[in-house]
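# Inside the fold
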Amino acid sequence: MIVGIDLGTTHSLVGVYEDGAPRLVPNALGKLLTPSVVSVGEDGTILVGDAARDRLISHPQASVASFKRWMGSRRETRLGQRAYLPEELSALVIRSLLDDAEVALGRRPQEAVISVPAYFSDAQRRATRRAGELAGVRVERLINEPTAAALAYGLAQKLDDAHVLVLDLGGGTFDVSILELFDGVVKVHASAGDNYLGGDDFTEAIEKHWLSEHKLRAEALKPFEASQLRQRAEAAKRSLAIGQTAEVASHVGGKPYSLTLDEGVFEQIVAPLVMRMRAPIERAMRDAGLRGGDLAEVVMVGGASRMQQLSKLAARLLGRLPLRHVAPDEAIAHGACVAAGLKARDEALEEIILTDVCPHSLGVAVSMDLGQGMRSHGHFDPIIERNCTVPVSRVREYFPVHDQQNTITLRVYQGENPWAENNIALGELEVPVPPGTTQERGVDVRFTYDINGVLQVEARVQKTGIVRELLLMQGDGGLSEEEARKRLAELAGLKTHPRDEQPNIAALARAERLYAESLGDERRHVQGLIVEFQAALATQDKAFVARQRDALLQALDQHETRSPL
Amino acid sequence: MTQSAWDILGIEESADSRTIRRAYAARLKTSRPEDDPAAFQRLTDAYEWAMGDARRRSLESPGPAQAPSTEAPPVPPTGQAEATQDMALPELGRALEPSGPVPSADPEPPPSDDDGFAFGPFFSALADRIRERDPKHLRRWLDEHPDLYSLELKWALMPHVFDTLAHNASMLDPHRGHLEALTGFFGVDARLRRHPALAPALDFLERAQWRQEVAAPSASSMPKGWENLANVLDDSRQGPPRPRKPIQTTWAARIADYWWVLFLILILGKLGRFLSQ
């Protein structure tokens, strides 16, 4: 059996393809979305999901989120006794998803299709595959998230010879991709995005506006107050997103403050964020050489795409209304399930070959002749231009500036700015040039970029045939086979709580978060609830514990909605 | 030894884009990137070249539905766009002469409009802002301009804005900050900067400013190592990017340049007070 997994930055989902339709599977708490957060308990047990997310506040040292951003790097996070690589943290999330799938489907899945962002480099893709293997599942294929979105909408089957624009606005990232669909091939034509722009920024914008309207400072808020404001702003965002008026009422220093926001105000508040979404869309369209009219469909996915502002922006830029999925935060997972279904039946998708593009321009720094004996230095001259399909190899010819010059220094940069120094320096290469006049001493510089994200720079002096080489690795986060085996064994040894205990653990984690956020009497009240529930747990009477848990959750709900004091 | 793109794809030279896509799709199944990177690149290069060629052909002989002029009514200027092989840009207005950066005395007639957007009034509003307002205001005005949300209009407009600006440069004397606001708004990056429809006007607008900069004594300390690499003088390539150096023109920087004036005023004031005592 093959499962489809959406391994997201903020949330992850799992499902299967059954009876001609994707079916997502709920976690131990009955939810489809499992927060991509990992936490380690005092006794070394691993917590994943809602409980771990609550522990980000109560136990920040032992919890970690957003590790998808580090995939492909060797950045380690220390949690308790052990340091974890990004793929290991992802493996723990996948393992928890597999547990959920096992309960829902009756047996443990052996194979999976996992979605990855279109711009993921080969190193990041390999890390994702490794995460699957560390979790004990064979990764049958990685599917690009925009492709998964197209599958969720059934576009790959419906359209032929067509371009589709996919806008994916998640909690913390905004990805724009253009797909070319033809003859069962899905080609990622161009991708662009903003890695630090998502729905959370819109919530923050509401908070900031609320604070400034009441002349309050964010630093003056106690953790409990900040958390309450965050929840109210989040709720208000949901109403505002669908064009309703919302009231944000919260307490600061025991005093109630309230502010009513309507659509017009909201639009003003988030205008700078909407403006930031404009550039990636324009860039992707321009790189693909398309106009709004050339697109067969515009589709939106990601939880934050519920916001009207995104569809309005798309309509203004492209002159057409985008399609919206009923459940935008489940769309990618649905697509991954469809891919898993196709894979299981050995059909159609086998024909879909995903081709990758190089996300940045790569080139060297050059000097320009301005005439009248003047030169301007430090210009960036791209050799491989961004969004070239990889692997790719390109050559350009360069000359020394002065007749008496005996070496050329090639400074290799990655980026899009016309000024070399504003781009990322990757390395440099010295090339000896023979004596002679400038014009007879050309050097051919060849850039070769392979699917592994390795850039090879080769400089050949035309006159002497001397060749100098430079290998530049990007995001090298590979593990040796031995190390991978060792880590697999270690990971397998990590304990998690039995599934039927997980709702208790989650309830307790939430209570602990509220304890951490509150002060004084509030805090003592929460402490009382915790002690009471721990006593109930000690009885090991399942029915009694379940009743007590419901009572605890109700008390916590009341506590969270009630004003402090 | 050299196979043509058509040989690699196994199709006729006159094939249309649909046939080219089909051929590419069929051959992709035998040369997958992970199995044979070299064959994959050959195939993809051939595909991209063939698609570019098909596009050029359809531009040369406007077919029933392929010509850009019939495709996009809201685009104000519709001449023939110069399709460049390695740059898949949407047709940028109309191609400028790649070798004519020096503007003639009388500007070209600004493109007229058929569909609600008039270039003339737009440009004069733009000129007013360049004359009277700072770059920050200019950028905000462009960002908020309701008509410029449309990508088609924005791109069609881009070469005309820079071209007309180059023609009127002596009159408007655009500040470097204004140029930066414009290139920033239109998203002119290293790649777009080379486009034949943009390079001449931008070269003209920017070159004068670099000359001043290079000639200025403060800029004589060139960054280390950049002096020993020259760009080709090979004219087969499109004009190389000639961007300009961002220069600080904030008030803080100006004050920093004239700190001694403030210092002098302070000293004189103290001295005056001392003497009057």
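Residues numbered from 1 in each chain as written. Chains lettered and ligands numbered in written order. Predicted model: local features only at pLDDT ≥ 70, side-chain atom pairs only at ≥ 80, totals over all residues. Heavy atoms only, no water.

To continue, consider the overall build of chain A. Across its full length, chain A holds 14 helices and 26 strands. Radius of gyration (C-alpha) of chain A: 27 Å, near the 24 Å computed for a compact globule of 565 residues. The dimensions of chain A, computed from C-alpha atoms along their principal axes, are 90 × 55 × 50 Å. When each of the 565 residues of chain A is scored for burial, the buried share is 58%. Put simply, of all contacts in chain A between residues at least 6 apart along the chain, 64% involve residues at least 24 apart. Accessible area for chain A stands at about 22500 Å²; split by element, carbon and sulfur atoms hold 50% of it. Side chains of chain A carry 65 positive and 78 negative charges; the gap between the two charge centres is 2 Å. (Helix = DSSP H or I, 4+ residues; strand = E, 2+ residues; numbered from the N terminus. Rg over C-alpha atoms; globule rule 2.2 N^0.38 Å. Buried < 20%, exposed > 50% of the residue type's maximum accessible area, 1.4 Å probe, protein only. Contact = heavy atoms within 4.5 Å. Areas by Shrake-Rupley, 256 points an atom, 1.4 Å probe, with all protein chains shown as cover. Lys, Arg positive; Asp, Glu negative; His and termini not counted. Charge placed at Lys NZ, Arg CZ, Asp CG, Glu CD.)

Here we take up the sheet that holds strand E13 (residues 174-182) of chain A. Residue and element names in this part refer to chain A. Reading across the sheet, the 5 strands line up as E14-E13-E12-E17-E18 and stay open at both edges, with mixed pairing between neighbours. Two strands lie at the open edges of the sheet, namely strand E14 (185-194) and strand E18 (323-324), each paired on one side alone. Bridge count for strand E17 (residues 295-301) against E18 is 2 bridges, and the pairing is parallel. When the sheet's bridge partners are listed, Met 300 is paired in E18 with Arg 324. (Pairing = 2+ DSSP bridges.)

Residue and element names in this part refer to chain A. Taken in spatial order, the 3 strands of this open sheet run E6-E5-E7, and their pairing is antiparallel. Sheet topology places strand E6 (46-48) and strand E7 (63-65) at the edges, where each strand pairs with a single neighbour. Strand-to-strand twist across the sheet, computed as the mean angle between neighbouring axes with direction ignored, equals 15°. Against the sheet, helix H1 (residues 50-58) touches strand E5 (37-40), E6 and E7, its axis set at about 70° to E5. Lying on the sheet, helix H2 (residues 86-105) is in contact with E5, E6 and E7; it crosses E6 at an angle near 70°. (Axes fitted to C-alpha atoms, helices over the stretch in contact; angles between N-to-C directions.)

Let us now look at helix H6 (residues 199-213) of chain A. Residue and element names in this part refer to chain A. In this model, H6 (15 residues) spans 22 Å end to end at C-alpha, consistent with the 21 Å of a helix rising 1.5 Å per residue. Buried residues of H6: Gly 199, Phe 202, Thr 203, Ala 205, Ile 206, Glu 207, His 209, Trp 210 and Leu 211, and no others. Its buried side turned inward, H6 meets strand E12 (162-169), helix H7 (223-241), strand E15 (246-252), strand E16 (255-261) and helix H8 (263-288). Lys 215 sits one or two residues past H6 and shows a positive phi near 55°. (Expected span 1.5 Å × (residues − 1).)

Residues and elements named next belong to chain A. Strand E10 (residues 111-116) sits mainly inside the fold: 6 of its 6 residues count as buried. A two-sided burial pattern is seen for E10, the buried positions comprising Glu 111, Val 113 and Ser 115 on one face and Ala 112, Ile 114 and Val 116 on the other. Pairing of strand E1 (residues 2-7) with E10, which is carried by 5 bridges, proceeds in the parallel orientation. Residue pairing in the sheet places Ile 5 in a bridge with Ile 114 of E10. A crossover links E10 with its parallel partner strand E11 (residues 138-144), the connecting element being helix H3 (residues 122-134), and its sense is right-handed. (Right-handed = clockwise from strand over helix to strand, strands pointing away.)

All names here are of chain A. Structurally, the position occupied by Ser 361 is in the loop between helix H10 (331-344) and strand E19 (362-371). Note on Ser 361: relative accessible area 1%, which makes it buried. Engagement of the side chain of Ser 361 in a polar contact is seen with the backbone nitrogen of Arg 386, the distance being 3.0 Å. A polar contact is formed between the side chain of Ser 361 and the side chain of Glu 416, at a distance of 2.8 Å. Among residues more than four places away in sequence, those in contact with Ser 361 are Phe 380, Pro 382, Ile 384, Glu 385, Arg 386, Tyr 413, Gln 414, Gly 415 and Glu 416. (Polar contact = N/O pair within 3.5 Å; in protein donor to acceptor, adjacent residues only side chain to side chain.)

With that settled, the discussion passes to the nonpolar core. The biggest cluster of nonpolar side chains holds 83 residues, and the ones touching the most others in it are Leu 167 of chain A together with Phe 162 and Leu 182 of chain B. Top contributing element to this core by residue count: H8 of chain A, with 10 residues. Not counting chain neighbours up to four residues away, the residues in contact with Leu 167 of chain A comprise Phe 174, Asp 175, Val 176, Ile 281, Val 298, Val 299, Met 300, Val 301, Leu 310 and Ala 314 of chain A. (Core = buried A, V, L, I, M, F, W, Y, C linked by side-chain atoms within 4.5 Å.)

A few words now on the packing of H2 of chain A against H3 of chain A. Residues and elements named next belong to chain A. Where H2 contacts H3, the two axes come as close as 8 Å, and the packing angle between them is 50°. Classed by the angle they form, the pair H2 and H3 counts as oblique. Where H2 crosses over H3, the two elements pack in a sense that is right-handed. Along the contact surface, H2 presents Glu 87, Glu 88, Ser 90, Ala 91 and Ile 94, while H3 presents Ala 127, Arg 130, Ala 131, Gly 132 and Leu 134. (Parallel < 35°, antiparallel > 145°, perpendicular 65-115°, else oblique. Left-handed = near helix turned anticlockwise from the far one by under 90°.)

Moving on: a nonpolar patch on the surface. Residue and element names in this part refer to chain B. On the surface, a cluster of nonpolar side chains totalling about 560 Å² of accessible area is made up of Leu 264, Leu 268, Leu 271, Phe 274 and Leu 275. For Leu 264, the location among the structural elements is in helix H12 (residues 259-276). Looking at Leu 264, the relative accessible area reads 47%, which means it is partly exposed. (Patch = residues over 30% accessible without salt bridge, like charges linked within 9 Å, V, L, I, M, F, W, Y side chains within 5 Å. Salt bridge = Lys/Arg side-chain N within 4 Å of Asp/Glu carboxyl O.)

Below, the discussion takes up the packing of aromatic side chains. One pass over the full model with this rule turns up 11 aromatic pairs over all chains. On the basis of an interplanar angle of 50° and a centroid distance of 5.5 Å, the ring pair of Phe 117 of chain B and Phe 122 of chain B is categorised as tilted. Relative accessible area serves as the criterion here: at 9%, Phe 117 of chain B is assigned to the buried category. With a relative accessible area of 5%, Phe 122 of chain B lands in the buried category. Taken together, Phe 117, Phe 119, Phe 122, Phe 123 and Trp 141 of chain B form an aromatic cluster joined through their ring pairs. Against the face of Tyr 515 of chain A rests Arg 523 of chain A, its NZ or CZ located 4.4 Å from the ring centre. (Phe/Tyr/Trp six-rings, centres within 6.5 Å; stacked < 30°, edge-to-face > 60°. Lys NZ or Arg CZ within 6 Å of the ring centre and 35° of its normal.)

So, on to the environment of Ala 46 of chain B. Residue and element names in this part refer to chain B. As for its position among the elements, Ala 46 is in helix H3 (residues 37-60). With relative accessibility at 4%, the residue Ala 46 sits in the buried group. Measuring from C-alpha to C-alpha, the distance between Ala 46 and Gln 3 comes to 9.7 Å, with 43 residues separating the pair along the chain. Setting aside chain neighbours within four positions, we find Ala 46 in contact with Ala 5, Ile 8 and Leu 9.

What follows covers the pattern of salt bridges. All names here are of chain A. Taken as a whole and assessed by the stated rule, the structure comprises 57 salt bridges over all chains. Taking the shortest distance from any N to any O, the salt bridge between Arg 499 and Asp 100 comes out at 2.7 Å. Of this pair, Arg 499 sits in the loop between helix H11 (481-492) and helix H12 (502-517) while Asp 100 sits in helix H2, and the two are 399 residues apart along the sequence. Two residues, Glu 263 and Lys 312, come together in a salt bridge whose shortest N-O distance is 3.4 Å. Of this pair, Glu 263 sits in helix H8 while Lys 312 sits in helix H9 (residues 308-318); the two residues are 49 residues apart in sequence, bridging distant segments of the chain. Accessibility expressed as a relative area gives 37% for Lys 312, which makes it partly exposed. Ionic contacts of the salt-bridge type, sharing partners, join the residues Arg 74, Glu 76, Arg 82, Glu 88, Glu 483, Lys 486, Arg 487 and Glu 490 into one network.

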